[in-house]
Amino acid sequence: MEISCELQRGPVYLTGEDLECWVKVINASDTVGVLAWVSAQLNCFCTVSEDKVTNIEPKNRKISIESQNVNKTSFQPTHGEMGLAVLSTKTKVLACSLEVGPGEVKKFLFTENIPHNAPPSFRGQSVKYSYKLCIGSQKLGESTSLLRLPIRILSVDTYSPNMMREI
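Residues numbered from 1 in each chain as written. Predicted model: local features only at pLDDT ≥ 70, side-chain atom pairs only at ≥ 80, totals over all residues. Heavy atoms only, no water.

Caption draft 1: Quick look at the environment of Cys 21. By secondary structure assignment, the location of Cys 21 is in strand β3 (residues 18-26). Residue classification places Cys 21 among the buried positions, given a relative accessible area of 0%. Measuring from C-alpha to C-alpha, the distance between Cys 21 and Ala 40 comes to 9.9 Å, with 19 residues separating the pair along the chain. Sequence-distant contacts of Cys 21, that is, excluding residues within four places in its chain, are made with Cys 5, Glu 6, Leu 7, Phe 108, Leu 109, Phe 110 and Leu 133. (Helix = DSSP H or I, 4+ residues; strand = E, 2+ residues; numbered from the N terminus. Buried < 20%, exposed > 50% of the residue type's maximum accessible area, 1.4 Å probe, protein only. Contact = heavy atoms within 4.5 Å.)

Caption draft 2: Main features of the nonpolar core. Ranked by internal contacts, the top residues of the largest apolar core, which has 25 residues, are Leu 19, Val 38 and Tyr 131. Those elements that provide at least two residues to this core are β3, β4 (33-48), β6 (92-100), β7 (105-113), β9 (127-139) and β10 (144-154). Counting residues per element, this core draws most heavily on β4, at five residues. Among all residues touching Leu 19, those that are not within four sequence positions of it are Leu 7, Tyr 13, Phe 110, Thr 111, Glu 112, Ile 114, Leu 133 and Ile 151. (Core = buried A, V, L, I, M, F, W, Y, C linked by side-chain atoms within 4.5 Å.)

Pasting the structure below:
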């Protein structure tokens, strides 16, 4: 089983806009494949440079630590990421108990509104804000797998969703 994703409009979005992504599940094998679940979530991570920022406690610099869950059967989109998760949208379940026949492709549309108060993407010398769309899945009887897609978020103070409708 293979999972791929395609952003509808590319990798750059404004706060307040909807991020839309097609998630494809492809079964290239000769047998029916079963996924226990497919889920998605948008996350923003703040990473600070340890040698340039000294007034932040070390435990707050790297929060995404190894999981205690040995089976790794749950959706943990921040697992293994560097930095503090400053924004995590609610997890959306795209599919549950999904059977995909040999050579079959199933598509799901993931849509998430980027909050107006979300920090913009930024890469400075001391601080970095980075966004990742995380698609997770689990094939029955196996560990979870994660697909992380980096995106950029821009913030415009005067932008409102109604502006697009007025044009």
